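In case you want the letters, here they are:
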Amino acid sequence: MNTSSPPIVSVERLTHHYDTGLTALSGIELDIAPGSFVSLVGPSGCGKSTLLRVIADLIGPSEGRVTRTVDSRRGELGFVFQDPTLMPWATVRDNVALPLSLRGSATEAANDALVRVGLGEFGGSYPRELSGGMRMRASLARAIATNPKLLLMDEPFAALDEFTRFKLNDDLLALWQANRWTVVFVTHSIREAVFLSQRVIVMTPRPGRIVADIDVGLPFPRPPELRLSHAFADECARVSAALSGSQAGAAA
Amino acid sequence: MKSVLPIGFGVALLAVWEAAIRAFDVPVYIMPGPLAIAGALGANFGDLMAGLWITLEVTAAALALAATSGAAFAVLLVQSRRLESTLFPYAVILQVTPIVTIAPFVIIWVEDIMAVLLILAWMAAVFPVLSNTLLGLKAADPNLRDLFRLYGATRAQTTLRLLVPSALPYFLGGLRISGGLALIGTVVAEMVAGTSGTRSGLASRLVEASYRLELPLAFACFVLLSAAGVAIYVGLDALSRRILRKWQDGSVA
Ligand SMILES: Nc1ncnc2c1ncn2[C@@H]1O[C@H](COP(=O)(O)OP(=O)(O)O)[C@@H](O)[C@H]1O
Ligand SMILES: [Mg+2]
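Figured I'd write up the structure that's included with this text. (Residues numbered from 1 in each chain as written. Chains lettered and ligands numbered in written order. Predicted model: local features only at pLDDT ≥ 70, side-chain atom pairs only at ≥ 80, totals over all residues. Heavy atoms only, no water.)

## Here we look at the layout of surface pockets
All names here are of chain B. Here is the rule we go by: Buried and open spaces are told apart on a 1 Å grid over the protein atoms alone, a cavity being a set of points where a 1.4 Å probe fits but cannot get out and a pocket being an open set with protein on both sides within 12 Å along at least five of seven lines. Residues with an atom within 4 Å of a point are the lining residues. Grid points are joined across faces, edges and corners, and a volume is the space filled by probe spheres set on the points. For helices the rule is a DSSP run of H or I covering at least 4 residues; for strands it is a run of E covering at least 2, with both sets numbered from the N terminus onward.
By volume, the largest pocket is sized at about 570 Å³. In terms of lining, the largest pocket is formed by 20 residues, of which the most central are Val78, Gln79, Arg145, Thr158 and Leu163. By residue number, the principal contributor to the lining of the largest pocket is helix α7 (residues 142-150), which donates five residues.

So this is what it looks like as structure tokens:
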């Protein structure tokens, strides 16, 4: 990995309290290298979404500092939610073109993004006419339509069946290798995190903090069969051990 | 067929009604039978239609006014929480005040009787559109709101491209209720304002006919008014279904 260029996102001593008094994140230190694929894994409620929203500047940190070299207003940041979050009254093309049309830029790039996610034929359809997997593809197309430098994805495929999820994982990896956006990918699936990422950040709850930062020792490109290999299983076991080790520590 | 049972029930009810009127020899100025009412309807058809037309004109104008002003006011209120908490209580007061109690003042202040009817019917109809639209504007998907914020959307863009379309199903739901209320408002206003002459609506004709104890005619007015109420509801329901066909599951996006 190229460690010489400055991080695209730098999180220092980040702590976040919600109005309810709940401390969602505590003492987070995290640098994201440009062009890298990083996953955040951890059980539900450990603050993954909160961290992603702080990185996106959708919520401000209570304490600490987040610096980023991207400007979301210029389309340099793409965000994919767990739900497709499409506007039901607009065609798929108009949904994908949203980040472009809000800035008054030409919307041709939306067609290109649709082709890239394999929805070239469906620009004129409405979201309700698409399957769950296709809606998620449309959501991804919207996030990449501006050719962002940073792509933040919050459990984007968690609601999909396993076949669809694998296919979308494969396609996402191919897109990432072709475009080299920086991706921060939230998931609660260790296998998904290991398959996709160069680096897996392991988090635990109460309060949300980082307990392990693991470099995944698997080369790219990563073909679908990789999921059946021993090397893959070993990497998953490492992440799993980090997660359970930290939880045993917390329980003691 | 789903409609066989209710229609059969209605016909049976009319038959029992007619039979009871005849069996007990009830005088027509107390309670006319369905046949007498149908006779009055036929004999005065042209006149009644003219009256119905006037009532429907006022109803439609009041509904259009309620729809536009209610929706516009909701868009205004949603711009600021403080504005909403300042002004919305007055909309509630307007809603809970029986319009009959305001009618005498409006009649004093406004010369043109059609304008009086319009104002009173508007007052009766505006609240459901306003409150439903406000609800819909606030029901926009929070993730989509975040997305608009992320991409630096202006307030006008967020309102027009996100909040207003999100509110459309709610607005149409409110419109369906307001349609019936606009008719009720017009009818009450006609009864209180007491229009007369050729430009009088169906409700004031109903009142006149009942004063003259012409109950078959009064009932004929009543039948037409309730048919109009049903037609307004069915029409608005069909309109909203048509508009919402593109929405996910028809009701609320
Ligand atoms: N808007 C909010 N207000 C109050 N508490 C919240 C809010 N959002 C999340 N939380 C709480 O913060 C914690 C972390 O939530 P979240 O970041 O969504 O976790 P994750 O994405 O890992 O499941 C949870 O306990 C959650 O209940
Ligand atoms: Mg989450």
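There is more to say, and it comes next.
## Structural notes on the interface of chain A and chain B
The criterion, for reference: Contacts are residue-level and defined by heavy atoms, with any inter-residue pair within 4.5 Å sufficient. Two parts placed together each lose some accessible area under a 1.4 Å probe, and adding up what both lose gives the buried area. Any carboxyl oxygen of Asp or Glu within 4 Å of a side-chain nitrogen of Lys or Arg constitutes a salt bridge here. Residues were grouped as follows: Ala, Val, Leu, Ile, Met, Phe, Trp, Tyr, Cys and Pro as nonpolar; Asp, Glu, Lys and Arg as charged; and all remaining residues, including Gly, as polar.
Across the contact, 25 residues belong to chain A and 21 residues belong to chain B. Taking both partners together, chain A and chain B bury about 2,300 Å²; carbon and sulfur atoms supply 61% of that area. Summed over the shared surface of chain A and chain B, the number is one salt bridge. Residues Asp146 of chain B and Arg53 of chain A are paired through a salt bridge, measuring 2.9 Å at the closest nitrogen-oxygen approach. At the level of secondary structure, the elements contributing two or more residues to the side of chain A that touches chain B comprise β5 (77-80), α3 (98-101) and α5 (132-144) of chain A. Of the residues belonging to the side of chain A that touches chain B, the class tally is 14 nonpolar, four polar and seven charged.

## Some words on helix α2 (residues 34-43) of chain B
All names here are of chain B. Formally: Three exposure classes are used, based on accessible area relative to the maximum for each residue type with a 1.4 Å probe and protein chains only: buried under 20%, partly exposed in between, and exposed over 50%. The arc refers to the directions leading from the helix axis to the C-beta atoms.
Taken residue by residue, α2 has Pro34, Ile37 and Ala40 as its buried positions. For α2, the angular spread of buried residues about the axis comes to 125 degrees, placing them on one side. Exposed positions of α2 whose direction lies more than 90 degrees from the buried face are Leu35 and Ala43. Packed against the buried residues of α2 are α1 (4-23), α3 (45-77) and α10 (215-243).

## What to know about the pattern of salt bridges
As enumerated under the stated definition, the model contains 19 salt bridges over all chains in all. Across the salt bridge formed by Arg205 of chain B and Asp47 of chain B, the nearest N and O atoms sit 3.7 Å from each other. Linking Arg205 of chain B in helix α9 (residues 202-211) with Asp47 of chain B in helix α3, this pair joins segments that are 158 residues apart in sequence. On the basis of relative accessibility, which here comes to 13%, the residue Arg205 of chain B falls in the buried class. The network of salt bridges with shared partners includes Asp71, Arg74, Glu76 and Lys149 of chain A.

## Details of the packing of helix α5 (residues 99-109) of chain B against helix α8 (residues 155-193) of chain B
All names here are of chain B. Put simply, the rule reads: For helices, the axis comes from a line fit to the C-alpha atoms of the stretch in contact; other axes are also lines fit to C-alpha atoms, and the angle between any two N-to-C directions lies between 0 and 180 degrees. Orientation labels follow simple angle bins: below 35 degrees gives roughly parallel, above 145 gives roughly antiparallel, 65 to 115 gives roughly perpendicular, and whatever is left gives oblique. Each crossing gets its hand from how the near helix is turned against the far one by less than a right angle, where anticlockwise is left-handed and clockwise is right-handed.
The contact between α5 and α8 brings their axes to 10 Å, and the two run at 55 degrees. In terms of orientation, α5 lies oblique with respect to α8. Crossing handedness for the pair α5 and α8: right-handed. Of the residues in α8, those touching α5 at Ile99, Val100, Ala103 and Ile107 are Gly185, Val188, Val192 and Ala193. In terms of residue class, the contact of α5 with α8 is built from seven nonpolar, one polar and no charged.

## Let's talk about the state of the cysteines
Test applied: Sulfur atoms of two cysteines make up a disulfide when they are within 2.5 Å.
Enumeration according to the criterion identifies zero disulfides over all chains in this entry. The cysteine Cys46 of chain A is free of any disulfide, with Cys236 of chain A supplying the nearest cysteine sulfur at 18 Å.

## Looking at the site of ligand 1
Residue and element names in this part refer to chain A. Under the convention used in this document: One heavy atom within 4 Å of a molecule or strand makes the whole residue count as near it. N or O atoms within 3.5 Å of each other form a polar contact, as long as, within protein, one can give a hydrogen and the other can take it, and as long as residues adjacent in sequence are counted only when both atoms are side-chain atoms. For the accessible areas, the method is Shrake-Rupley and the probe is 1.4 Å, while residue cover comes only from the protein chains on display.
Surveying the vicinity of ligand 1 reveals the residues Tyr18, Thr20, Leu22, Ala24, Pro43, Ser44, Gly45, Cys46, Gly47, Lys48, Ser49 and Thr50. At 3.4 Å from a nitrogen atom of ligand 1 is found a side-chain nitrogen or oxygen belonging to Tyr18. The contact in question runs from an oxygen atom of ligand 1 to an N or O atom on the backbone of Gly45, over 2.7 Å. Surface burial for ligand 1 is 62%, taken as the share of its 560 Å² of free accessible area covered by protein chains. Of the residues in the shell around ligand 1, the class split is five nonpolar, six polar and one charged.

## Details of the packing of aromatic side chains
Heads up, the rule is: The rule is short: rings of Phe, Tyr and Trp, with Trp giving its six-membered ring, pair when the centres are within 6.5 Å, and they are stacked under 30 degrees, edge-to-face over 60, tilted in between. As a reminder, the over-ring test applies to NZ of lysine and CZ of arginine, requiring each to be within 6 Å of the ring centre and within 35 degrees of the ring normal.
Per the counting criterion, the structure on display carries 10 aromatic pairs over all chains. When the centroid spacing of 6.1 Å and the interplanar angle of 80 degrees are considered together, the rings of Phe219 of chain B and Phe222 of chain B count as edge-to-face. Of this pair, Phe219 of chain B and Phe222 of chain B both sit in helix α10, three residues apart, which is roughly one turn of that helix. Look at Phe222 of chain B and you get partly exposed, because its relative accessible area is 47%. Following the ring pairs from residue to residue traces out a cluster consisting of Phe37, Phe157, Trp176, Phe185 and Phe220 of chain A. Over the ring of Phe220 of chain A we find Arg222 of chain A, and its NZ or CZ is 3.9 Å from the ring centre.

## Things to note about the pairing of strand β1 (residues 9-17) of chain A
Residues and elements named next belong to chain A. What counts is decided by this rule: Should DSSP find at least two bridges between two strands, the strands are regarded as paired.
With six bridges joining them, β1 and strand β2 (residues 23-32) adopt antiparallel strand pairing. Note that in β2 the partner of His17 across the bridge is Thr23. If you look at the hairpin formed by β1 and β2, you'll find five residues sitting between the two strands, and Gly21 has a positive phi there, around 95 degrees. The pairing of β1 with strand β4 (residues 63-68) spans five bridges and is antiparallel. Of the residues in β4, the one forming a bridge with Ser10 is Thr67.

## With respect to the sheet that holds β2 of chain A
All names here are of chain A. If you walk across this open sheet you meet the three strands as β2-β1-β4, and the pairing is antiparallel. This sheet does not close on itself; its edge strands, each paired only once, are β2 and β4. Strand-to-strand, the axes of this sheet are offset by a mean angle of 20 degrees, without reference to chain direction. Against the sheet, helix α1 (residues 48-55) engages β1, β2 and β4, with an angle of about 125 degrees to β1.

## Digging into the nonpolar core
All names here are of chain A. What counts here: By nonpolar core is meant a set of buried Ala, Val, Leu, Ile, Met, Phe, Trp, Tyr and Cys residues that side-chain atoms within 4.5 Å join together.
Within the largest apolar cluster, 52 residues are counted, with the highest numbers of intra-cluster contacts made by Leu51, Phe79, Leu150 and Leu152. Discounting residues that sit within four places of it in the chain, Leu150 has contacts with Ile8, Val9, Ile55, Val70, Glu76, Leu77, Gly78, Thr182 and Val184. Counting 50 residues, the second-largest nonpolar core is a separate cluster that includes Phe37, Val41, Val80 and Ala110.

## What about the side chain of Ser125 of chain A?
All names here are of chain A. Looking at the secondary structure, you find Ser125 in the loop between α4 (108-116) and α5. The exposure class of Ser125 is buried, given its relative accessible area of 15%. Beyond its immediate chain neighbours, meaning those up to four positions away, Ser125 contacts Thr91, Val92 and Leu130.

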